[in-house]
Amino acid sequence: MINADEIAGIIKQRIASYQTGTNEAEVGTVIQVGDNIARIYGLDNAQSSELVEFPNGLNGIVLNLEEDSVGVAIMGPDTDIKEGDKVRRTGRIASVPVGDAVLGRVVNPLGQPIDGKGDIATTRFRTIENTAPTVVERQSVKQPLQTGIRAIDALIPIGRGQRELIIGDRGTGKTAIAIDAIINQKGKNVICIYVAIGQKNSTVASLQQTLEKHGAMDYTTIVAVSAAEPASLKWIAPFAGCAMAEYFMYEGKDVLIIYDDLTRHAQAYREVSLLLRRPPGREAFPGDIFFLHSRLLERAAKLSDEKGGGSITALPIIETQAGDVSAYIPTNVISITDGQIYLRNELFFQGIRPAVDVGISVSRVGSSAQIKAMKAVAGRLKLDLAQYRELAAFAKLASDLDKATQQQLNRGDKMTQVLVQPQLHPQPVEDQVAVIFAATRGYLDTIPTARVSEWSERFVQFLHEKYSDVPESIAKSGALPEDVEKKLIAAIDDFNKAF
Amino acid sequence: MPNETLARRYATAVFQLAQEAGKVKDVQHDLHTFSEALGADEDVRKFFRSPVVDRKEKESVFAQAFAKLDPVALHLFLLLIRKRRENLAEEIVVQYDVLEREARGAQELRITSARELTKAELDTIVQRLASAFRSAFDVSQSVDPKLIGGVRITIGDRLIDGTIAGRLDDIARLLSTN
């Protein structure tokens, strides 16, 4: 608490530093206001996406430049704005605070703190709209970004600088994957930015607590705009988050940014566009909705070594309706991103969680961003799972199956089970390699399917206790040479005897 | 305000006609005469605006009453009656003034002060601004005691605020943020 003296002191200081002089500004007049859109007469020289200031200190962003008036999206509640109010140009483009000071904080899309932890102590700002790095400034994606989720790291690997879409119906665990990925970045020198667009404040609060509990808030910023806030704020939220990420990227750091979710972002932009009377297109989205998302996701990049080698890995989230990926926004974002992780309702209810459909999920750049050991064990897994799915569909019709088929089905069951993983338990890649190795080589064939999760959990424990040099060696070299492989097999045999 | 665009089309046409005839000032004077006549008498205004009155009749009444106006100005108003655009009349006059001012290379300058300014004070302000902006001005002056002190100058969109009320506003904002 600050006491009265301190308040008086602050006021005194403010008044002492107050600059007297004449104020010069370009002003316009509000002629219409409603639904967080204001039409302003005058402001002949206003630029597109310039910030303007309303009398009560609220800001707006110039969106439409028309013959006699400009259309402005108001960044906040419009209840205090009246017709005839004077609006002044600021000559600035919307920007947000950036730098280490924003880490560990929850901010709104204007960069103002909403976590009650005081001011953000930074003098650095970055405009929210920036052009994406050019071709010469980039290099190809080559380093893995480990999410700690077996199904993803093994089958749909994500590289630093990649854009991987997470898509699925509501309640299929899209956010859970993103959270696990954030938690797994602990101690890996990756900065995380989570952009919550149009979510419940309670969801954001519990998410913040989860991250805090796992010590992940230290390297994370949450940019949150709740469902109750104006569409204009939701629209700029991902751009604000991306600006914060870009600052770190150009400092040579690796950043993971999550847009949760772009469906609601598109809806917010549709709202703003329709209120500005821009012509609607398919599903009433405006014509530039594709450009809106493509320019946002293009800003994810792996910079060249001359530029410091930093990266932004983007995980946009899209919510589908009843698994329909051919709706407008899902198809748009699928075509922009470098692959997608597809989550399915049916798998979720079968208890396969994360409910990743490994058959249709892809990563277009991923496998060049996998460590050697994982590449070696996962190549086999992918193939076996594909064969298993084909057989399983066929086996539904057949009554008796020959021994080989039965065995293949059994192996497939085990492998599917191995990819099941509880939430908030990301696993280091060396442990993933050991478990997946056991499954693909058939060491789990004799374990009852229901006990596979238990097996993998206890095996990892056992491995670290008795054969700790195996995971250490994989982690260090990234490869699985023959001698280590032999040791791993010995460890599995040893463990299976007691299991 | 929504009629502004429309009014500007008419005003441009009238202004060009006046320019071609070399009677820009005369037409401007006559436009203002008409607009003032509408403003002065509510009945005249209602009669002019009313859609109920027969157009032919209205035309002949106005043609007689304002026969002394410059034909360019008079014909504009008769055209407005014929086209049922009577409500644009005042706005056209405003837009005509804007065009006329632009043609002269002048700008509109509004000076608002807390008390009446003396002639010498006003001249100093206008001269200073004229040299700063390298432009001529059409000056209009008003008094608003709410400003407490100082002057507020408006040139087009540009606002130069040197009033005490403006500074108080600034202080209020400074203290209320954060």
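Notes on the structure follow. (Residues numbered from 1 in each chain as written. Chains lettered and ligands numbered in written order. Predicted model: local features only at pLDDT ≥ 70, side-chain atom pairs only at ≥ 80, totals over all residues.)

Before going further, it helps to spend a moment on the interface of chain B and chain A. The partner chain A presents 22 residues to the 19 residues of chain B that form the contact. Sorting the residues of the side of chain B that touches chain A by element identifies helix 1 (4-21), strand 4 (158-161) and helix 8 (164-176) of chain B as the ones contributing at least two each. In terms of residue count, helix 8 of chain B provides more of the side of chain B that touches chain A than any other element does, eight residues in total. For the side of chain B that touches chain A, a count of residues per class yields six nonpolar, six polar and seven charged. (Contact = placed C-beta atoms within 7 Å. Helix = DSSP H or I, 4+ residues; strand = E, 2+ residues; numbered from the N terminus. Nonpolar A, V, L, I, M, F, W, Y, C, P; charged D, E, K, R; others polar.)

Bringing the packing of helix 10 (residues 372-395) of chain A against helix 12 (residues 429-440) of chain A into the picture now. Residue and element names in this part refer to chain A. Orientation of helix 10 relative to helix 12, taken along the N-to-C sense of each, is 40°, at an axis distance of 9 Å. One way to sum up the angle between helix 10 and helix 12 is to call them oblique. Pair helix 10 / helix 12 crosses with left-handed handedness. Side by side, helix 10 and helix 12 meet where A373, M374, V377, A378, R380, L381 and D384 of the first sit next to V429, V433, I436, F437 and T440 of the second. Of the residues contributing to the contact of helix 10 with helix 12, the split by class is nine nonpolar, one polar and two charged. (Axes fitted to C-alpha atoms, helices over the stretch in contact; angles between N-to-C directions. Parallel < 35°, antiparallel > 145°, perpendicular 65-115°, else oblique. Left-handed = near helix turned anticlockwise from the far one by under 90°.)

With that settled, the discussion passes to the sheet that holds strand 13 (residues 254-260) of chain A. All names here are of chain A. Strand order in the open sheet formed by eight strands is 8-12-11-13-14-10-15-16, and the pairing between neighbours is mixed. Looking at the sheet topology across the chains shown, the edges are occupied by strand 8 (106-107) and strand 16 (362-363). When strand 10 (residues 165-168) meets strand 15 (residues 339-343), the two strands line up parallel, connected through four bridges. Bridge pairing in strand 15 places L165 opposite Q340. (Pairing = 2+ DSSP bridges.)

Ranked by size, the top nonpolar core spans 141 residues in total, and within it V72, I182, V195, V255, I257, V433 and I436 of chain A carry the most contacts. At 14 residues, helix 5 (residues 231-250) of chain A tops the list of elements feeding residues into this core. Setting aside residues up to four positions removed in sequence, V195 of chain A forms contacts with V223, A237, P238, G241, I257, I258, Y259 and D260 of chain A. Core analysis: the second largest hydrophobic core is formed by 23 residues, A18, F34, I92 and Y96 of chain B among them. (Core = buried A, V, L, I, M, F, W, Y, C linked by C-beta atoms within 7 Å. Buried ≥ 20, exposed ≤ 12 C-beta atoms within 10 Å, placed from the backbone.)

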